[in-house]
Structures are given as C-alpha cells and as structure tokens.
Amino acid sequence: MSERIFLSPPHMSGNEMKYVQEAFDTNWIAPLGTNVDKFEEELCEYVGVEHGLALSSGTAGIHLALKYFGVGPGDYVFCSDLTFAGSCNPILYQYANPVFIDSEPETWNMSPIALEKAFEWAKKENKMPKAVIIVDLYGQSADYDLLLPICEQYGVPVIEDAAEALGATYKGKKCGSFGHVSIFSFNGNKIITTSGGGMVVSKDEDAIKKMRFWATQSREPAKHYEHKEVGYNYRMSNICAGIGRAQLQALDGFIDNRKNIYDQYKEKLNDFPIEFMPISENGSPNYWLTVIILDEENLVISADIITELELENIESRPLWKPMHLQPIFSDAPIFYHMETECIGTNLFERGICLPSGSSLSINEQSLIIKTISKVLEKEEQ
Ligand SMILES: *Cc1c(COP(=O)(O)O)cnc(C)c1O
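Predicted model, so just to flag it, every value in this text is computed and none were measured. (Residues numbered from 1 in each chain as written. Predicted model: local features only at pLDDT ≥ 70, side-chain atom pairs only at ≥ 80, totals over all residues. Heavy atoms only, no water.)

**Details of the sheet that holds strand 13 (residues 334-335)**
Two orientations exist for strands paired in a sheet by backbone hydrogen bonds: parallel and antiparallel.
Next, step 1: The 8 strands lie next to each other as 1-9-8-5-4-2-3-13, forming an open sheet whose pairing is mixed. At either end of the open sheet lies a strand with only one pairing partner, and these are strand 1 (51-55) and strand 13.
Next, step 2: Summarising the sheet, strand 5 (residues 158-161) and strand 8 (residues 181-185) pair through 3 bridges and their orientation is parallel. Paired with D161 across the strands is I183, a residue of strand 8.
Next, step 3: Contacting strand 1, strand 8 and strand 9 (198-202), helix 2 (residues 34-47) runs over the sheet at an angle of about 130° to strand 1.
Next, step 4: Here helix 7 (residues 205-215) sits on the sheet in contact with strand 1, strand 8 and strand 9, set at roughly 20° to strand 1. (Pairing = 2+ DSSP bridges. Helix = DSSP H or I, 4+ residues; strand = E, 2+ residues; numbered from the N terminus. Contact = heavy atoms within 4.5 Å. Axes fitted to C-alpha atoms, helices over the stretch in contact; angles between N-to-C directions.)

**Here we look at the sheet that holds strand 14 (residues 351-354)**
Next, step 1: Within the open sheet, the 4 strands sit side by side as 10-11-14-12. Their pairing is antiparallel. Taken across any chain shown, the strands that pair with only one partner, and hence form the sheet edges, are strand 10 (274-276) and strand 12 (317-318).
Next, step 2: Pairing geometry for strand 11 (residues 290-294) and strand 14, over 4 bridges, is antiparallel. Counted as the bridge partner of I292 is I352 from strand 14.
Next, step 3: Here helix 8 (residues 238-268) sits on the sheet and contacts strand 10, strand 11 and strand 14; the angle it forms with strand 10, its principal contact strand, is near 160°.

**What about the domain arrangement of the chain?**
Next, step 1: Domain parsing of the chain yields domain 1 (16-248) and domain 2 (251-380).
Next, step 2: Centre-to-centre, using C-alpha coordinates, domain 1 lies 25 Å away from domain 2.
Next, step 3: Domain 1 puts 45 residues into the contact, and the matching count from domain 2 is 40 residues.
Next, step 4: Across the domain 1/domain 2 interface, buried area totals approximately 3,800 Å², and carbon plus sulfur atoms make up 63% of it.
Next, step 5: In terms of surface lost to domain 2, no three residues of domain 1 exceed W108, Y138 and I191, which account for 22% of the buried area on that side.
Next, step 6: At the junction of domain 1 with domain 2, the criterion picks out 24 residue pairs in polar contact (both at pLDDT 80 or more).
Next, step 7: Secondary-structure elements contributing two or more residues to the side of domain 1 that touches domain 2 are helix 4 (89-93), strand 3 (97-101), helix 5 (112-125), strand 6 (169-170) and helix 8.
Next, step 8: The biggest single contributor to the side of domain 1 that touches domain 2 is helix 5, with 5 residues.
Next, step 9: In terms of residue class, the side of domain 1 that touches domain 2 is made up of 25 nonpolar, 11 polar and 9 charged. (Domains from an automatic or database assignment. Buried area = accessible area lost by both parts, 1.4 Å probe. Polar contact = N/O pair within 3.5 Å; in protein donor to acceptor, adjacent residues only side chain to side chain. Nonpolar A, V, L, I, M, F, W, Y, C, P; charged D, E, K, R; others polar.)

Written out as structure tokens, the structure reads:
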C-alpha cells in the first residue's frame, strides 16, 4: 500500500536544523535562549503586534489569557461553538462556565447576531462574561468589524484564537492582531509547527509580562525560589523555537501551496453538487484546510467519501464537532445565529476536511480527487 496521505502533516523547509544546531553548539538546549527570544520577535513582526510570549502550546496561551482577564470559579466566558476543544478547555481549568456562540454562514466564524443575543441574555441574567474567545476557523478571519464593537459596547475583552490562522488577513491586517490578547498554535497539524508549541501576542506589554511570569512558575525576583502566586511550566524550549524560526520564514510559501491545493480541489470537483467553505472578500485566508460541504440529501455520501479515502490510505475528517454537542460541555448554553437551527451543527453533519498539507504532491492530490469523484459519480447514476 502507498504511503499514508495525512490531512496536514509537518512540512520542514530544510533550514530548521541550522537553528537547532546553533542551540546544540552553544549547549543552549534549555530552558530558554536566543531562538526563543528571536522567534517571539520575528513572529510579532510578521503579525504586526508589539509583544509575544512563546509557550508549550496554544491551549496554554488561552489559559494564561483567561487568567489575565481575571476569569475564576463561577465566571462566564463566551466562546465560538464550531472549534477545537483547545479553545475552551481552559475555561474549565479556571472553573468558569463556557457559553457557546454559533457560526454565521459567511465565514463560519462567530455570528455577530448570536453574540448580540448572548450579551442580551447575560445582561438580563446578570451573567456578563469576563472574556470572549473568538476563533479564526480553518485559517479564515472572523468578521472583527462587526464583532469587536459589540464586545466593546459591553466592555468585555476579546481573546483571538488564531491557532489555525497564522498568515491570514482581514482588511489588510493579520489575524492575531485583533484580540486584546491573541494566540497561535504550532502543533504538528498547524500551518507551521515547532513539533508542539504556541504563542500569545498583544499590544499590551503588561499583559505579556504578567503571563510570562505565570508561565515560568511565578518565580518572584529573589536569589532563592520565592512564590506568592500559583505558576505554570508553560514555556517553549529553545530547540522548538529554533524549528519555529525556520518554519516562519517558509510560511508565505506554505500559504501559496495550500491556496493552490484549494484551487485544484475547487476546479476539479466543480461539476459535483458540493460547496466549499465560503471565502470572504474581507481578507485572504491561509487556506489551512480545504473543507467541502455536501447537500442535505447526501449525508450518507459524506461517510462514504471518508471510507473510500481511508481504503486508499488517505486521511480525511468531519468538521470540528460543535462544542455544545460535546458531552463535557453539555450543560453550557448555546446561542444560535438563526431562530432554532444551529449553523455549526448543520455544517458538522455535512462537511469533510480534505488533505491540504503544503507538501501534498500533484499525484497525491489527483488520487484524492479521483477517489472523491468516484463516490460522487456513483451517487449521480
Ligand atoms: C490547535 C488549536 C488549538 C490548540 O492549540 P495547541 O497548540 O494544540 O494547544 C486551539 N484552538 C484552535 C482553534 C486550534 O485549532
């Protein structure tokens, strides 16, 4: 059997070892070091934000951001519903209550209409959130010109979860520059990877300083080890940061590759009754994953496509299962974009994420397209 085709595998550019070697040569393996400092600087410059803090994961970044905004036991936090659990698990780390906000049809990101409904509810019930976590889904920016004024009106800070959206833009600005605090992930499946890692970025120097302190076990300035606050071991190692520096230099090329892959899928699957994730005119995504959506009547086919691809040793997956449908979050309120129907649930039931890695070859993509076409053609007969 041919080698497995993954959804979004790591893609090394070739320069990673240079920075890793430097760390070895200076025996600066850990804890921090030049690569970490430089990676923070270089990523901030790329995104257009002032301050950054490299971490062991994106989830750690969301946790620190929640803590910075004072989220504690019994508090409420609003969060996009159609996302990966890493967006909202940290709400539970702080013993707070998540409230989920449905998607809008234009980008599948947080619906301003649903957000407004949630704030009205919170005001009436005296459950005003301490923060709103807005996700840039599958590499496309949320509609911040609509979302931010609503949060501002209620005086609630925004955490931008740009884990999937490094390099994407919205009205000329890069994703990660819209939250009071924003986070990125460099997990193995993201557009660039450090094998595992994340970063929080912000214009607010004090916020980054405070989070840096907590992320390093809250060590007070003293010769001995002195601790007045609970701390975490959340920093990125100098080795991982070395990988990240080379990956960042390759990022724009990776985005081009992923866009080509998206364009190919779109062109070659054009004749079938399927839709693609809509691309908003407000910006350019990083095309992290290509997502297709089948007709309501064709729900069986979705499973068939995943099965047929699997027989060819090709990985594909349904969309993120909405958070309010997850057993762990079943008690959390959900606010819909429409009256009674949930956009995110509907997308989850109809959608498939296709292999979109920047190293996907033309032959590999042809095999994927051929396999999908076979299933869809059979259906048409
Ligand atoms: C990957 C991801 C995270 C978590 O990042 P990790 O680095 O894996 O902790 C959070 N939110 C979203 C939307 C993600 O895709």
